[in-house]
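Listed here are the chains, written in short residue letters.
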Amino acid sequence: MSNSTNRKVTVPRFVKAAADGRRLSMVTAYDYLWAGIMDEAGVDSILVGDSLAMVVQGHDSTLPVTLDEMIYHGRQVVRAVKSALVIVDMPFMSYQVSPADAVRNAGRIIKETGADAVKLEGGAIQVETISAIMRADIPVMAHVGMRPQAVRQLGSMGKVQRDQEQLLEDALAAQQAGAFGLLMELVPAEMAAKITEQLQIPTIGIGAGPGCNGQVLVGPDMLGLTPNFKPKFLKHFAQLRETAVSAVQDYVSEVQAGTFPASSHSH
Ligand code: KIV
């Protein structure tokens with residue numbers, strides 16, 4: 001949808017592509033350099049995920065990242081992107097206090113980054129917030145299943161919502177409230193496929209099997225840049241950390257040996 005037609009992916013185009021039966025690809029990126037690479041590769045959507053708290057900032061959960069930091073990263077991504085739909089996560093406590101607060105903060109994200117949409121965690125419990133943001137003409141994606149921002153409540157990051165009825169209720173509530181899409185994280189494949197069948201809006205899965213309308217992966221994870229992280233749902237499409245470490249080791253050796261810079265690198 002994106003690079004093949006060289007047209008910017010907008011929310012209506014994203015939704016229509018799924019309705020037309022196209023499978024959607026989404027990855028996370030957090031800065032200008034990587035967003036440019038992902039966009040050039042032709043992904044349909046880039047998510048500036050609050051996973052940046054862990055992947056980029058080195059925290060042990062997504063809770064510490066601030067709204068200002070999400071905006072800082074979102075701006076870099078938008079600057080790099082020519083085609084992909086850019087979605088920025090609303091960080092912890094930027095939408096939980098009240099719908100009015102959520103609208104204000106979603107507005108800051110859109111105004112200050114130029115992104116296309118925001119994402120927040122929750123289904124049924126966030127219906128008022130989703131519709132308030134939507135009424136401000138800001139497209140919202142809802143995120144259900146494993147909700148990393150609920151880590152304190154659930155006790156561990158991997159604790160998954162497995163109650164099928166509740167999941168379906170969350171999905172339908174988010175759609176009814178006006179969400180343009182639904183991200184499902186760590187939802188059993190059969191359940192995710194069933195929910196997808198019942199919704200009109202696109203579903204994007206991570207660890208949710210092939211029955212969703214699209215897939216998302218954390219960019220640095222799929223490229224093999226994050227060490228010691230290999231959950232079952234993850235596929236490494238490259239081993240860039242190994243390649244980078246080995247390249248820097250070569251550089252260090254050459255500097256130490258005096259073979260770099262050679263005369264061909266000198267003015
Ligand atoms: O923040 C994030 O990276 C996410 C993932 C589920 C893709 O929301």
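Residues numbered from 1 in each chain as written. Predicted model: local features only at pLDDT ≥ 70, side-chain atom pairs only at ≥ 80, totals over all residues. Heavy atoms only, no water.

Novice: Just checking my understanding: could you explain the overall build of the protein chain for this structure?
Specialist: The secondary structure content of the protein chain amounts to 11 helices and eight strands. Taken over the C-alpha trace, the protein chain has a radius of gyration of 20 Å; the compact-globule value for 267 residues is 18 Å, and the two agree within 12%. Seen through its principal axes, the protein chain has C-alpha atoms that stretch 65 × 35 × 35 Å. Burial analysis of the protein chain (267 residues in total) assigns 48% to the buried set. If you sum the accessible surface of the protein chain, you get close to 13,200 Å²; carbon and sulfur atoms cover 54% of it. Taking the 23 positively charged and 27 negatively charged side chains of the protein chain as two groups, their mean positions are separated by 3 Å. (Helix = DSSP H or I, 4+ residues; strand = E, 2+ residues; numbered from the N terminus. Rg over C-alpha atoms; globule rule 2.2 N^0.38 Å. Buried < 20%, exposed > 50% of the residue type's maximum accessible area, 1.4 Å probe, protein only. Areas by Shrake-Rupley, 256 points an atom, 1.4 Å probe, with all protein chains shown as cover. Lys, Arg positive; Asp, Glu negative; His and termini not counted. Charge placed at Lys NZ, Arg CZ, Asp CG, Glu CD.)

Novice: Help me understand the site of the ligand in this model?
Specialist: As a structural note, the neighbourhood of the ligand is formed by 13 residues, with Gly49, Asp50, Ser51, Asp89 and Lys119 the closest of them. In isolation the ligand exposes 260 Å². Once the protein is present, 95% of that is buried. For the shell around the ligand, the class distribution of residues is five nonpolar, four polar and four charged. (Near = heavy atom within 4 Å. Nonpolar A, V, L, I, M, F, W, Y, C, P; charged D, E, K, R; others polar.)

Novice: Explanation requested: the pattern of salt bridges in the structure shown.
Specialist: Two side chains that carry opposite charge are able to pair once their charged atoms sit near each other. One pass over the structure, following the stated rule, counts seven salt bridges. With a closest N to O distance of 2.8 Å, Asp116 and Lys8 form a salt bridge. A residue pair is termed long-range when its members are at least 10 positions apart, and Asp116 in the loop between α5 (99-113) and β4 (117-121) and Lys8 in the segment before α1 (11-19) qualify at 108 residues. Here Lys8 falls in the partly exposed class, since its relative accessible area comes to 29%. For Asp101, the salt bridge identified is with Arg104, shortest N-O distance 3.4 Å. With Asp101 and Arg104 both in helix α5 and three residues apart, this pair spans about one turn of that helix. When its relative accessible area of 19% is taken as the criterion, Asp101 is described as buried. (Salt bridge = Lys/Arg side-chain N within 4 Å of Asp/Glu carboxyl O.)

Novice: Please explain unusual backbone geometry as it appears in this structure.
Specialist: Outside of glycine, negative phi angles account for most residues, and trans bonds account for most peptide bonds. With an omega of -5 degrees, the peptide bond between Phe260 and Pro261 qualifies as cis. Looking at the element boundaries, Pro261 is found in the segment after α11 (240-257). Within the chain, Leu186 stands out as a residue other than glycine whose phi angle is a positive 50 degrees. With respect to the helices and strands, the residue Leu186 is situated in the loop between β6 (181-185) and α9 (189-198). Owing to a relative accessible area of 23%, Leu186 belongs among the partly exposed residues under this scheme.

Novice: Whenever I open this one, the packing of helix α4 (residues 67-80) against α5 confuses me. Can you help?
Specialist: Helix-helix packing is described using two parameters, namely the angle between the two axes and the distance between the axes. Orientation of α4 relative to α5, taken along the N-to-C sense of each, is 35 degrees, at an axis distance of 9 Å. With respect to the hand of their crossing, α4 and α5 are arranged in right-handed fashion. Residues Leu67, Asp68, Ile71, Gly74, Arg75 and Val78 of α4 form the contact with α5, whose own contacting residues are Asn105, Arg108, Ile109, Glu112 and Thr113. When its residues are assigned to classes, the contact of α4 with α5 shows four nonpolar, three polar and four charged. (Axes fitted to C-alpha atoms, helices over the stretch in contact; angles between N-to-C directions. Left-handed = near helix turned anticlockwise from the far one by under 90°. Contact = heavy atoms within 4.5 Å.)

Novice: Looking at this model, I keep getting lost on the side chain of Thr196. Mind explaining?
Specialist: Within the element layout of this structure, Thr196 appears in helix α9. Assessed through its relative accessible area of 10%, Thr196 is described here as buried. When sequence neighbours within four positions are dropped, the list of residues in contact with Thr196 reads Met184, Thr203, Gly211, Cys212 and Asn213.

Novice: Where do I start with the nonpolar core in this structure?
Specialist: In a soluble, globular protein the nonpolar side chains are often hidden away together inside. Ranked by internal contacts, the top residues of the largest apolar core, which has 71 residues, are Phe14, Ile46, Ile133, Leu182 and Met184. Top contributing element to this core by residue count: α4, with five residues. (Core = buried A, V, L, I, M, F, W, Y, C linked by side-chain atoms within 4.5 Å.)

Novice: What am I meant to see in the sheet that holds strand β2 (residues 45-48) here?
Specialist: Hydrogen bonds between backbone atoms are what pair the strands of a sheet, whose relative direction is either parallel or antiparallel. Read around the barrel, eight strands follow the order β1-β2-β3-β4-β5-β6-β7-β8 and close on themselves; strand pairing throughout is parallel. On average, each strand axis in the sheet is tilted by 25 degrees relative to the strand beside it, whichever way the strands run. Contacting β3 (85-89) and β4, α5 runs over the sheet at an angle of about 145 degrees to β4. (Pairing = 2+ DSSP bridges.)

Novice: Explain the domain arrangement of the protein chain to me, please; I cannot follow it from the model alone.
Specialist: Accessible area lost upon the coming together of the parts is a frequently used measure of interface size. What the domain assignment reports for the protein chain is domain 1 (3-226) and domain 2 (240-267). The C-alpha-based centres of domain 1 and domain 2 are spaced at 39 Å. (Domains from an automatic or database assignment.)

Novice: Would you explain α5 in this entry?
Specialist: In an α-helix, one full turn covers 3.6 residues, which means residues spaced three or four apart are oriented alike. Compared with an ideal rise of 1.5 Å per residue, which puts 15 residues at 21 Å, α5 spans 21 Å between its outermost C-alpha atoms and is within 8% of the ideal. Regarding α5, the residues found buried are Asp101, Ala102, Asn105, Ala106, Gly107, Ile109 and Thr113. Here the buried face of α5 lies against α4, β3, β4 and α6 (127-135). Gly114 sits one or two positions beyond α5 and adopts a positive phi of about 85 degrees. (Expected span 1.5 Å × (residues − 1).)

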